[in-house]
Amino acid sequence: MSENVSPVRESIATRSSELAGQTEADLTFLRQTKFSRVGEKIAIAALGAIPWVGGVAAALATLKTEDGQLQTNELLRGWLSAHEQRMAMLERDVRWLVNRIEMLGEEAVEWAESEEYLALVHKAFQGWDRAGTEEKRRYFAGLLANAAGTRMCSDDLIRLFIDWIDRYHESHFTIIRFVYQNPGATKYEIGVDLLGEDLPADNSAEADLFRELFRELNMGGIVRQARETDEDGRFLRRQPTRRAPKGMASRVMESSFEDSKPQVLTELGKQFVHYVLDDVVPRLDLSG
């Protein structure tokens, strides 16, 4: 961990148990003298995306009496205490991101100080604050680190990936992982991986959810049915299938867990995996 990045937790807020003897709290991330230049800029961009940080400052001001002493207000103290853990997580992820960028060298640091990159930081930490799981918060930080170290994707695509992390659920990411690791897998195989060998009936709530997950990934341009292409990469039309004679057609619709149509990630979906799902593929080589 870089020595240029100072502890941030103490510079955001103090533990609620210490409020009684404290006359002010620093919510700026910036008063530590060893905080690096790029660290300051990233911290400001991150803090500007977190609306409750300002609320903590306002709450502390509300707790103070006219003579500057902290008054007893259990409701506000409880609210501040509830935010302590989120403050610690914010500190951790900002510090991790800054450390990662500084390890990449001057070129990455220079890019990370640009207005374009800091706009990505602001947008990503807006999603980070809405994230309900540790997994999603880790994805946001990892995406920003990869975006600082390589320019394989345009800023527009990074913004799209931020939206995807924000929008999709862990169940979506489970499907994306499985299809990446098993290209050409059918919905039956994906369903077994997600739900187990004893697949639910097509009219069940579980099957409805499975169809909805796939619909969203299809509509989002992440997962699609495999298609043949010509030498120029153009998709070929499927050969029409011969219809069954009248009266012999199946009376049942295609199962939610059909086992004949292979599924693959789109090229955009593959880039998303490389930038975000580092538990599936090694983290991007950012040394070059």
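Predicted, not measured: the structure shown is a model, and the values here were computed from it.

Engineer: Would you take a moment to explain the overall build of the chain for this structure?
Structural biologist: A count of helices and strands for the chain gives twelve helices and two strands. Relative to all contacts within the chain whose residues are 6 or more apart in sequence, the contacts with residues 24 or more apart total 72%. Per element, the accessible surface of the chain, about 16200 Å² overall, is 50% carbon and sulfur.

Engineer: Please explain helix 8 (residues 155–167) as it appears in this structure.
Structural biologist: Since the α-helix turns once every 3.6 residues, residues separated by three or four places project in the same direction. Between its first and last C-alpha atoms helix 8 spans 18 Å; for 13 residues at 1.5 Å apiece the expected length is 18 Å, and the two agree. Buried residues of helix 8: D155, I158, F161, I162, W164 and I165, and no others. For helix 8, the elements touching its buried residues are helix 5 (106–112), helix 6 (115–130), helix 7 (134–149), helix 9 (170–181) and helix 12 (267–276).

Engineer: Help me understand helix 6, please; the structure alone is not making it clear to me.
Structural biologist: Here helix 6 contains 16 residues, and its C-alpha end-to-end distance of 23 Å stays within 8% of the 22 Å for a straight helix at 1.5 Å per residue. Those residues of helix 6 not exposed but buried are Y117, L118, L120, V121, A124, F125, G127, W128 and D129.

Engineer: For this particular structure, what's the right way to read the environment of V109?
Structural biologist: The residue V109 is located in helix 5 in this model. With a relative accessible area of 10%, V109 lands in the buried category. For the pair formed by V109 and G39, sequence separation is 70 residues and the distance between their alpha carbons is 9.5 Å. Excluding anything up to four places from it in sequence, V109 contacts R37, V38, I101 and E102.

The rules behind the values
Residues numbered from 1 in each chain as written. Predicted model: local features only at pLDDT ≥ 70, side-chain atom pairs only at ≥ 80, totals over all residues. Heavy atoms only, no water. Helix = DSSP H or I, 4+ residues; strand = E, 2+ residues; numbered from the N terminus. Contact = heavy atoms within 4.5 Å. Areas by Shrake-Rupley, 256 points an atom, 1.4 Å probe, with all protein chains shown as cover. Expected span 1.5 Å × (residues − 1). Buried < 20%, exposed > 50% of the residue type's maximum accessible area, 1.4 Å probe, protein only.

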